[in-house]
2 protein chains.
Amino acid sequence: MARHPFEQLSAQETEKARDIVLKLHPNTHIFFRYIFLEEAPKSEIKKYLEAEHAGKTPEALNRRAMVMYDVIGDDKIPYYNESVVDITAGKRLDHKVVGKEFHASLTVPEFRSLVEAVEKSQMFKECLEEYKLPEGFELVVEPWPYGGLLPGEDNKRYFQGLCFAQDTRSKNPDSNFYSFPLPFIPVMDATTQEIIRVDRLATGGKDDPMEPTKHNPRPVDHCTTSEYVPELLPNGPRKDLKPLNVTQPEGPSFTVTDNSLVEWQGWRFRVSFNPREGAVLHDLHFKGRSVMYRLSFSEMTVPYSDARYPFARKQAFDFGDGGAGTCANNLSLGCDCLGVIKYFDSVVTDTEGKPEAAPNVVCLHEQDNGIAWKHTNWRTGRAVVARNRELVVQFIITLANYEYIFAYKLDTMGGINIETRATGIVSVVNIDPGKQSDYGNVVSEGALAQNHQHIFCIRIDPAVDGHKNTAVIEESLPVKMNEKTNPRGNYYEIVKTPIKSPRWLDADITKNRVIKITNPSSINPISGRPVSYKFAPMATQLLLADQDSVQAQRALFAQHHVWVTKHMDGELYAAGRYTLQSTREQGGVADMVARKEDTENEDIVVWATFGLTHNPRVEDWPVMPVEIHELKLRPADFFTENPGIDLPTNRNEASRLANGDSCCDTNGTNGTNGTNGQARNFMG
Amino acid sequence: MARHPFEQLSAQETEKARDIVLKLHPNTHIFFRYIFLEEAPKSEIKKYLEAEHAGKTPEALNRRAMVMYDVIGDDKIPYYNESVVDITAGKRLDHKVVGKEFHASLTVPEFRSLVEAVEKSQMFKECLEEYKLPEGFELVVEPWPYGGLLPGEDNKRYFQGLCFAQDTRSKNPDSNFYSFPLPFIPVMDATTQEIIRVDRLATGGKDDPMEPTKHNPRPVDHCTTSEYVPELLPNGPRKDLKPLNVTQPEGPSFTVTDNSLVEWQGWRFRVSFNPREGAVLHDLHFKGRSVMYRLSFSEMTVPYSDARYPFARKQAFDFGDGGAGTCANNLSLGCDCLGVIKYFDSVVTDTEGKPEAAPNVVCLHEQDNGIAWKHTNWRTGRAVVARNRELVVQFIITLANYEYIFAYKLDTMGGINIETRATGIVSVVNIDPGKQSDYGNVVSEGALAQNHQHIFCIRIDPAVDGHKNTAVIEESLPVKMNEKTNPRGNYYEIVKTPIKSPRWLDADITKNRVIKITNPSSINPISGRPVSYKFAPMATQLLLADQDSVQAQRALFAQHHVWVTKHMDGELYAAGRYTLQSTREQGGVADMVARKEDTENEDIVVWATFGLTHNPRVEDWPVMPVEIHELKLRPADFFTENPGIDLPTNRNEASRLANGDSCCDTNGTNGTNGTNGQARNFMG
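Residues numbered from 1 in each chain as written. Chains lettered and ligands numbered in written order. Predicted model: local features only at pLDDT ≥ 70, side-chain atom pairs only at ≥ 80, totals over all residues. Heavy atoms only, no water.

Where an unreviewed UniProt entry is consulted, chain A appears under the name Amine oxidase, with the organism given as Lithohypha guttulata. The record held by UniProt for chain A lists under Sequence similarities (unreviewed entry) the comment "Belongs to the copper/topaquinone oxidase family." Word for word, the UniProt comment on chain A under Subunit (unreviewed entry) is "Homodimer." (UniProt positions renumbered as here; feature names shortened; annotations may be inferred.)

Put into structure tokens, the structure is as follows:
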């Protein structure tokens with residue numbers, strides 16, 4: 001049977017795509033970067049989905065792949081290419097030699113080459129000889145993207161390495177090397193694979209010069225151990241936290257078909273996975289009605305605020321630079337979730353374009369999230385309570401020191417929460433003993449955690465009862481007391497502004513600003529208003545870097561909370577397709593908005609930006625507690641009642657009293673027939 | 001053994017308090033309203049706690065009660081009294097005859113008297129005769145506080161009744177009567193217990209006059225049934241949601257002593273319960289250090305925005321008017337939480353001051369909240385994951401149509417989340433068939449859910465490493481690019497402003513405004529900065545009513561996000577002690593701020609206001625999905641590392657694959673010795 005247009009490429013399809021490209025580039029060496037599903041044009045997929053949802057057999061669409069690769073010819077200078085190939089037809093549909101002004105996303109082998117180049121570098125060796133590590137310590141070089149080029153720099157392809165010392169005396173390879181930051185950064189020219197420079201870092205505090213001044217030959221002697229693996233904790237892990245298990249004796253409530261189609265509690269959608277965005281949800285329907293065409297985490301940028309050289313370059317684009325999917329963890333039962341888990345596998349490619357299995361990159365499970373709704377009838381005392389069950393599609397990425405946990409959470413009442421959790425180890429640099437800094441917080445002796453921001457962007461491609469939608473700004477505004485409309489001053493007015501052409505806007509809590517993604521042609525029969533899904537732009541701080549800085553110029557998406565654009569095939573990335581070493585956002589949301597299209601009752605895309613200004617606290621060390629953000633999408637006049645009003649309201653028989661008893665609240669009114677205890681009866 | 005100063009009154013103590021008061025008022029009738037613990041002065045309790053935490057036997061404090069009651073003398077006019085009595089010494093400490101400008105909080109018997117008065121009223125009977133209810137329908141009168149007096153109204157004690165029709169044909173007393181709103185409101189003079197007026201309600205829509213104009217003799221014929229109890233649902237509850245159980249085979253990780261002292265994962269605190277605030281937490285310590293003296297939900301106001309008479313008066317103060325504790329549900333095993341639950345009981349009093357048991361008014365349980373922290377070492381591929389366990393102290397209140405779920409959630413990493421969930425049934429009024437309104441949304445035929453706000457206030461009485469604290473505003477501000485401090489534009493500065501005298505302030509996301517409650521005398525040895533607990537003021541809309549309106553004047557607390565005041569014994573209520581029928585907030589946060597005290601390195605109180613502008617959607621009907629808000633308090637440089645770094649990181653053995661298997665992620669790296677799966681190994 002033909003694969004569904006949203007199914008990710010199989011290993012076999014990946015190989016076919018590779019072979020097509022290899023044949024088209026004879027007599028050259030091809031360095032493969034990424035091969036993944038190229039989604040067919042929306043116009044084609046729409047037809048497919050219409051047939052599918054009508055219960056017909058859709059006409060299969062040819063399978064397409066995006067193949068990203070370097071062509072290395074006689075001059076040994078790699079040219080970065082992108083080809084879209086039709087796997088089914090065995091031919092190339094599109095080919096682009098990407099201009100030298102753009103850089104391909106980095107790959108893991110490139111990161112490895114930085115470490116190898118450091119090992120071979122005489123320049124680096126000489127630098128290292130100026131410093132003495134404590135006995136038993138070894139160098140660790142952590143590869144990083146080079147960041148945005150600063151004014152005046154050549155636009156070559158560079159990588160940089162952050163350096164640390166690891167205490168090897170415990171013979172534990174997971175001893176935390178981040179506690180011992182070294183004050184230099186080697187920089188590699190990726191073309192020649194040579195270390196061209198070793199930047200020295202200032203280690204001063206408040207009122208010290210911004211340039212590195214004095215040389216400290218023993219830079220980590222004042223640093224201290226701070227471990228997180230259990231066997232290295234001074235007192236071991238705590239022992240008084242008793243097990244809490246989630247059991248589902250009848251199994252999960254979801255079904256998964258074709259490794260991609262998920263059905264659960266009225267929800268029906270496809271999951272795919274690609275190297276750039278990680279897990280993507282497609283074609284979300286709830287109770288038989290279309291809600292979203294595509295939901296994805298589009299971009300994230302992490303700019304650092306340390307004013308000293310070279311930290312203005314310390315700014316990752318964690319989706320564009322290397323790819324969230326590339327960095328996805330292989331998840332593990334009983335570690336990343338509780339209960340009954342379904343894992344999704346994916347396929348990655350090596351430098352020869354050969355597929356490799358990437359097991360368990362996405363997990364799916366149900367979880368309880370407290371009370372969904374409750375009402376007690378004050379006349380009878382009868383309480384009816386339903387619980388809030390969520391279906392979670394989760395993936396977790398590791399980017400050197402940091403991790404992010406991304407989750408789409410669908411609930412039984414038609415709600416969608418899109419969650420980010422930031423955790424991992426904050427990025428630290430060396431600071432002299434006893435000093436404090438305006439650039440961050442000392443979280444461990446000698447380790448300054450630099451202030452930074454994490455700014456995320458979620459791409460919402462809605463299909464609210466169909467593809468023609470209008471985004472409407474809805475505000476609740478005060479009204480001055482007046483005889484005619486507000487004689488007692490308690491009235492406030494709701495003002496709705498449809499977004500007729502592409503634009504950005506910001507959160508405004510003083511106006512209770514909400515974005516409703518409406519379908520003006522589909523009217524709720526109860527309220528008489530257009531059906532919609534709504535969200536409040538997340539009220540978090542936007543990018544702080546000066547507007548004229550490279551940091552700001554390459555992250556225009558991070559400067560407004562909401563962008564509304566007209567859909568165009570292939571426009572998936574908030575900061576543009578090429579972020580590695582970018583100096584200005586190109587092809588991102590700002591460029592999309594600049595096109596003066598019609599976005600009223602059209603196929604639109606809504607982008608939601610939010611983030612975290614992270615001025616580290618000591619408690620973030622050595623591994624930081626999750627910082628959680630949630631974008632909440634809710635149906636608003638989409639249904640004719642609470643779609644979870646039919647949730648089960650019977651009591652959970654597995655719950656126990658703390659004394660071990662399994663029944664009996666003291667007034668004996670428990671449980672049967674939907675009666676959940678009692679309120680005191682007001683009218684009794 | 002003597003009771004702890006924070007333990008709520010026992011039934012025996014309640015009776016003693018009653019008897020003391022009865023003896024002091026001979027030859028009169030006493031109508032008892034409330035009897036509950038009067039906390040001893042903080043100065044006395046501090047000494048007690050110092051001894052307790054030093055491991056000494058503290059000198060017992062005399063037990064005190066607040067007794068609220070009406071004295072009804074020969075003239076039959078009740079005078080509202082408040083007495084503080086020393087139960088231990090058997091004497092009165094303080095007595096106040098409360099002035100007629102203030103009204104006592106309402107009691108459940110007063111609500112009952114409204115229903116009785118309506119039944120007896122000829123005036124109401126005549127009103128009712130103008131209307132015809134459908135066959136099989138019966139009148140329901142729902143008692144409400146009268147709300148803020150409008151200009152020109154006598155300051156008598158009134159109650160009002162919202163009227164509905166209930167379909168009795170199902171013979172089910174829980175058939176949802178809110179679907180059939182009737183267009184009149186009887187008003188009772190509480191002193192005479194007579195209906196003095198029946199207000200007629202306009203039922204028009206957009207562009208209709210604000211006054212009731214035409215008489216519809218069959219006002220609910222166009223309304224329709226909308227049920228929520230499972231046996232009345234047309235198709236019954238859904239059957240495909242399989243059970244999800246939380247089991248704790250080794251029991252809970254907490255212990256509870258004296259029905260009040262809770263210890264769990266380093267946390268140690270007392271729980272009490274009173275009629276006004278519900279559950280209160282006292283003397284919170286974490287890992288042996290003081291964090292908070294007292295945490296409470298202080299007030300909530302729910303103003304409605306319908307400009308028509310008499311809805312400007314529709315504004316509940318759910319803590320001050322009747323008391324959150326008074327309205328607390330008796331909770332029930334397996335309904336309100338999952339897992340192993342400990343319930344706390346309380347005592348309420350009847351009109352004769354006699355104690356009655358109020359079982360299960362507060363529940364305590366542990367819950368999982370996803371990943372606490374995770375890091376994967378990219379060099380070895382080893383992932384270490386800890387889960388986020390929370391301890392939840394919860395109570396749930398029913399106020400006529402609405403319910404609120406309040407929870408204090410303490411986590412294993414020193415964090416405190418204070419959560420509100422709004423649910424229940426939105427308040428509706430009758431609207432003519434086919435019309436829409438600017439005052440709300442039609443959520444069921446003939447039922448207009450009026451726009452309104454819910455504005456909460458949490459009282460934080462901190463004791464961060466002791467009672468002398470300073471609240472500091474911390475902001476992250478952009479810095480213009482400049483050669484000296486910000487040569488590349490990436491730097492932002494952190495500006496700290498200590499609050500030296502009482503004031504209010506608002507959330508400001510553009511500044512990433514955070515409040516740090518610091519102890520300037522306790523310096524973190526790692527960072528060199530004062531220890532603190534911090535929170536971000538919640539970025540939600542404040543009160544919308546015109547500043548000159550009664551709604552706004554009686555809810556000054558609802559007009560700013562944060563209030564910082566100096567502690568004074570007895571000042572617990574954000575909108576003041578007397579809110580019922582108030583026309584101006586008195587003795588609330590605004591008055592506290594007006595005192596020009598010193599709040600730097602002093603015993604301070606911080607009040608956090610937040611809320612929800614609730615413009616109902618059809619999905620809120622018939623019972624609304626929870627709207628959740630969380631105030632997040634976090635240690636910031638309070639500890640010398642992540643206090644949860646020692647959380648267990650072993651895998652959960654009860655989790656299962658969706659195919660039923662209990663082990664085996666596909667790469668076989670599961671579980672032993674703190675190893676949680678793998679990331680792809682970058683350096684492999």
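With 100 residues, the main nonpolar core has Trp373(A), Phe269(B), Leu295(B), Tyr404(B), Ile416(B), Ile460(B) and Phe535(B) as its most contacted residues. Broken down by element, the residue count for this core peaks at six residues, all from strand 14 (residues 289–303) of chain B. Aside from chain neighbours lying at most four places away, what touches Leu295(B) is Val280(B), Leu281(B), Leu284(B), Tyr408(B), Ile416(B), Ile418(B), Arg459(B), Ile460(B) and Leu633(B). Of all hydrophobic cores here, the second largest spans 99 residues; its members include Leu364(A), Ile431(A), Val442(A) and Leu647(B). (Core = buried A, V, L, I, M, F, W, Y, C linked by side-chain atoms within 4.5 Å. Buried < 20%, exposed > 50% of the residue type's maximum accessible area, 1.4 Å probe, protein only. Helix = DSSP H or I, 4+ residues; strand = E, 2+ residues; numbered from the N terminus. Contact = heavy atoms within 4.5 Å.)

In this section: the interface of chain A and chain B. Each partner contributes to the interface: chain A provides 212 residues, whereas chain B provides 212 residues. Buried area between chain A and chain B, both sides added, is near 17000 Å², and the carbon and sulfur share of it is 52%. The tally of links from chain A across to chain B stands at ten salt bridges. One salt bridge connects Lys374(B) with Asp336(A), and the closest N-O pair in it is separated by 2.9 Å. (Buried area = accessible area lost by both parts, 1.4 Å probe. Salt bridge = Lys/Arg side-chain N within 4 Å of Asp/Glu carboxyl O.)

Take the environment of Ser260(B) next. All names here are of chain B. Structurally, Ser260 can be placed in the loop between strand 10 (255–257) and strand 11 (261–264). Under the relative-accessibility criterion, Ser260 is labelled buried at 1%. In the structure, Ser260 is positioned 23 residues away from Pro237 in sequence and 38 Å away in space, judged by C-alpha atoms. The residues touching Ser260, leaving out its near neighbours within four places in the chain, are Glu7, Phe269, Arg270, Val271 and Phe344.

It is worth spelling out the packing of aromatic side chains at this point. Residues and elements named next belong to chain B. The final tally for this structure, using the stated rule, is 58 aromatic pairs over all chains. A ring pair is formed by Phe273 and Phe395, whose centres lie 6.5 Å apart and whose planes are at 90°; its orientation type is edge-to-face. In this pair, Phe273 sits in strand 12 (residues 267–274) while Phe395 sits in strand 19 (residues 383–399), placing the two residues 122 residues apart along the sequence. For the pair formed by Phe273 and Phe395, the shared burial category is buried. (Phe/Tyr/Trp six-rings, centres within 6.5 Å; stacked < 30°, edge-to-face > 60°.)

It is worth spelling out the UniProt feature "domain: Copper amine oxidase catalytic" (unreviewed entry) in chain A at this point. Feature annotation in UniProt places "domain: Copper amine oxidase catalytic" (unreviewed entry) on residues 244–644 of chain A, given in this structure's numbering. Between the C-alpha atoms that bound residues 244–644 of chain A there is a distance of 27 Å. The span itself is 2% helix and 50% strand.

On to the pairing of strand 30 (residues 530–535) of chain B, then. Residue and element names in this part refer to chain B. Among the six residues of strand 30, five are classified as buried, and the element is accordingly described as predominantly covered. In terms of strand pairing, strand 29 (residues 514–523) meets strand 30 through six bridges, oriented antiparallel. Residue pairing for strand 30: Lys516 is matched across the bridge by Lys534. Between the end of strand 29 and the start of strand 30, which pair antiparallel, lie six residues, with Gly528 showing a positive phi angle near 75°. The pairing of strand 30 with strand 33 (residues 624–636) spans three bridges and is antiparallel. Bridge pairing links Ser532 to Ala636 in strand 33. (Pairing = 2+ DSSP bridges.)

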